[in-house]
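# Structural overview
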Amino acid sequence: LTALLGLDADIIGLNELESTPGAEPLISITTGMPGYDYIDTGPIGTDAIKVGIIYRPTVVTPIGPYQILDSTDDARFIDTKSRPALAQTFQEIATGARFTVVVNHFKSKGSACTDLVPPDPDAGDGQGNCNGTRTLAAQALVDWLATDPTGSGDPDFLIMGDLNSYAREDPITAIKAGSDGAPG
């Protein structure tokens, strides 16, 4: 909690949160962080962990319901590998500006995706196991965001979380290229 408070952030995306019915770790986190609230999603996906969002309600207000990106939205986003992404639109109280935050946790490099068809093991290019899986997740993410999944009517979005990729790896390149495939 001390580290999170030290960020002095108005919105924080979190990874590796317990995702079990009846257990909401963001309650205890925000209880220990006066001035913060959380987006109440309940469990997300089928894994034991999920992503989440905490925010300062004196600075930003959630607008509309949150949305989840998973395999039902786009088959390229394999939610048994990457955790479902969480998107929430916020409005800044002081200015009225709107933007959408999407928290991600793409598939790690630690274990090979040999159970996929076709398999996606380490290609030996320095990007680790499951690089194709992360790249497809990134492409699905930007295409999904281009549809305005939260219905915000605002094109501003912030992608955060654990993309399990470095700056010059394929998933980051796909995000930078955006839904039209042209870096901009």
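See the structure printed just above.
Residues numbered from 1 in each chain as written. Predicted model: local features only at pLDDT ≥ 70, side-chain atom pairs only at ≥ 80, totals over all residues. Heavy atoms only, no water.

## Here's the deal with the pairing of strand 7 (residues 157–162)
Each regular strand displays side chains that alternate between the two surfaces of the sheet. Where strand 6 (residues 98–105) lies against strand 7, six bridges are found, and the strand directions are parallel. Along strand 7, the bridge assignment pairs Asn-104 with Gly-161. For the handedness criterion, the β-α-β arrangement of strand 6, helix 3 (residues 131–146) and strand 7 is classed as right-handed. (Pairing = 2+ DSSP bridges. Helix = DSSP H or I, 4+ residues; strand = E, 2+ residues; numbered from the N terminus. Right-handed = clockwise from strand over helix to strand, strands pointing away.)

## As for the nonpolar core
With 17 residues, the main nonpolar core has Leu-69, Phe-77, Val-102, Phe-106, Leu-141, Trp-144 and Ile-175 as its most contacted residues. Of all elements in the fold, only strand 5 (83–92), helix 3 and helix 4 (170–177) reach the threshold of two or more residues within this core. At seven residues, the largest contribution of residues to this core is made by helix 3. Ignoring anything within four residues of it in the chain, the contact list for Val-102 reads Ala-85, Leu-86, Ala-87, Leu-141, Trp-144, Leu-145, Leu-158, Ile-159 and Met-160. (Core = buried A, V, L, I, M, F, W, Y, C linked by side-chain atoms within 4.5 Å. Buried < 20%, exposed > 50% of the residue type's maximum accessible area, 1.4 Å probe, protein only. Contact = heavy atoms within 4.5 Å.)

## Quick word on the packing of helix 3 against helix 4
Interaxial distance between helix 3 and helix 4 falls to 8 Å at its minimum, and their mutual angle equals 15°. As summarised for this structure, helix 3 and helix 4 are arranged roughly parallel, according to the angle between their axes. Where helix 3 crosses over helix 4, the handedness of that crossing is right-handed. In this structure, helix 3 uses Asn-131, Arg-134, Thr-135, Ala-138, Gln-139 and Val-142 to contact helix 4, whose residues at the interface are Asp-170, Pro-171, Ala-174 and Ile-175. Here the contact of helix 3 with helix 4 is built from residues that sort into five nonpolar, three polar and two charged. (Axes fitted to C-alpha atoms, helices over the stretch in contact; angles between N-to-C directions. Parallel < 35°, antiparallel > 145°, perpendicular 65-115°, else oblique. Left-handed = near helix turned anticlockwise from the far one by under 90°. Nonpolar A, V, L, I, M, F, W, Y, C, P; charged D, E, K, R; others polar.)

## Overview of unusual backbone geometry
Between Val-117 and the following residue, Pro-118, the backbone shows a cis peptide bond with an omega angle of -5°. Note on placement: Pro-118 falls in the loop between strand 6 and helix 3. The phi dihedral of Asp-8 is positive, around 50°, even though this residue is not glycine. Within the secondary structure layout, Asp-8 lies in the loop between helix 1 (2–7) and strand 1 (11–18). One non-glycine residue with positive phi stands out, namely Asp-148, at about 55°. Mapped onto the elements, Asp-148 comes out in the loop between helix 3 and strand 7. Asp-148 gets classed as partly exposed once you look at its relative accessible area, which sits at 26%.

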